Amino acid sequence: MIDLRSDTVTLPTEAMLERMRRAPLGDDGLDGDPTVGELEAAAAALLGKEACLYVPTATMGNLLAILTACQPGSRALLPATSHMATSEAGAADLARVVFEPIAEDGGAIQVDVLERSLARPAARVALVGMETSHAAAGGTVLPLGHMAEVASLASSHEARTHVDGARLWNAAIALGVPPAMVAASADSAVLCLSKGLSAPVGAVVVSDDRFVRAARRIRKTVGGTQRQAGVVAAAGLVAIESMIERLADDHARARLLADSLTRVESSAFAVSSPATNIILVDLSDGAPDSNWWATRLCKLGVAVRPRGPRQLRLVVHRHHDDADVEAAVAAFQTIVGTLDGTTNASSP
Ligand SMILES: *Cc1c(COP(=O)(O)O)cnc(C)c1O
């Protein structure tokens, strides 16, 4: 099976498993786990921030950022289709914070809408969020100038800026800059270690000392303090030491896949031009819907993720090679062949 559903399916490398076996361990809820400490120091340095907190998931990292930055009754302004606004909206309930969606263009919040929202005489805005790369927008990368502008607007209203950078590594590679430059305008950022970087679990929150101390206390409250977490943090260390540069291969292969799919020349779908490792396939009105495509592709050995009735998401990662790209394109071609033979494509 060529699994294009997500880069979360990537498995740990041999180097990770070896480092996990040798990792010095301690109790991270008592006097600390040395491998977790090493990962937190390395990630803070790599991202140009004072401090770092290791968390089980990026979702928990974002929740801790909300709980740390926002007082109950305050507002958090988030890009309308961001992961935080859509898949993690339960955090608003837990933190008793109002999540206010801000309209986007290609994953970037509309600055004029943000300005109006900040200026509204409503509850105080405690936090302004961004996401890069932006998953729902198709792995798009925020321009650094846009990020700086948003952060400066937020800070002029005494709001903190939080970047959900689950795939910030991909953004840095696409921009050709160090990850610290992408995180520069963020007061806090969350980065996932278990997507393209292939660690089995884990994410990091980076920010200033004070923020991370507060988030560390709240992590205990939500049950995120793990004892000998060095076993998995060891894989995270290998991830940030040796798995970032290779994301360029995923991006190149995503472009190859998108270009090849474009050459299939079917009126049934249109393919996005990927900035990173995510490709969106928009299905034409009247053509079969996303579940139909996902089922047919699955039978041909290609797993994709339907996103709503008219879109498929394809994510390229470490377990794919050029032959997989060819095979995936051939599967689309096969299905298109059967479509062209039907007069009513929507009821095959
Ligand atoms: C995957 C993802 C998350 C959640 O990551 P988990 O580690 O699976 O909790 C958050 N934000 C974005 C943008 C993501 O893509």
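This structure is a prediction, so every number in the text was calculated from the model and none was measured.

**What about the sheet that holds strand β2 (residues 51-55)?**
At step 1: On the basis of which strands lie adjacent, the open sheet formed by seven strands has the order β2-β10-β9-β8-β7-β3-β4 and mixed pairing. Each edge of the sheet is formed by a strand with only one pairing partner; in this case those strands are β2 and β4 (98-102). The sheet shows a mean angle of 20° between the axes of neighbouring strands, taken without regard to direction.
At step 2: Of the pairings in the sheet, the one linking strand β7 (residues 125-131) to strand β8 (residues 160-164) comprises five bridges and is parallel in character. Considered in β8, the bridge of G129 is made with H162.
At step 3: The sheet contacts of helix α3 (residues 58-69) involve β2, β3 (75-79), β4, β7, β8, β9 (188-192) and β10 (203-207), and relative to β9 the element is tilted by about 170°.

**Description of α3**
At step 1: Under the 1.5 Å per step criterion, the end-to-end length of α3 is 16 Å for twelve residues, consistent within 8% with the ideal 16 Å.
At step 2: For α3, the tally of buried residues reaches ten of twelve residues, placing the bulk of the element in the interior.
At step 3: Here α3 has its buried residues at A58, M60, G61, N62, L63, L64, A65, I66, T68 and A69.

**Overview of the site of the ligand**
At step 1: Taken together, T57, A58, T59, N62, H83, E88, E131, D164, A166, R167, C192 and K195 make up all the residues around the ligand.
At step 2: In this structure, R167 approaches the ligand through a side-chain N or O atom, which is 3.1 Å from an oxygen atom.
At step 3: Separating an oxygen atom of the ligand from a side-chain N or O atom of K195 is a distance of 2.6 Å.
At step 4: Per-element accounting of the shell around the ligand gives the leading share, three residues, to α3.
At step 5: Here the residues of the shell around the ligand are counted per class, giving three nonpolar, four polar and five charged.

About the criteria used
Residues numbered from 1 in each chain as written. Predicted model: local features only at pLDDT ≥ 70, side-chain atom pairs only at ≥ 80, totals over all residues. Heavy atoms only, no water. Pairing = 2+ DSSP bridges. Helix = DSSP H or I, 4+ residues; strand = E, 2+ residues; numbered from the N terminus. Axes fitted to C-alpha atoms, helices over the stretch in contact; angles between N-to-C directions. Contact = heavy atoms within 4.5 Å. Expected span 1.5 Å × (residues − 1). Buried < 20%, exposed > 50% of the residue type's maximum accessible area, 1.4 Å probe, protein only. Near = heavy atom within 4 Å. Polar contact = N/O pair within 3.5 Å; in protein donor to acceptor, adjacent residues only side chain to side chain. Nonpolar A, V, L, I, M, F, W, Y, C, P; charged D, E, K, R; others polar.

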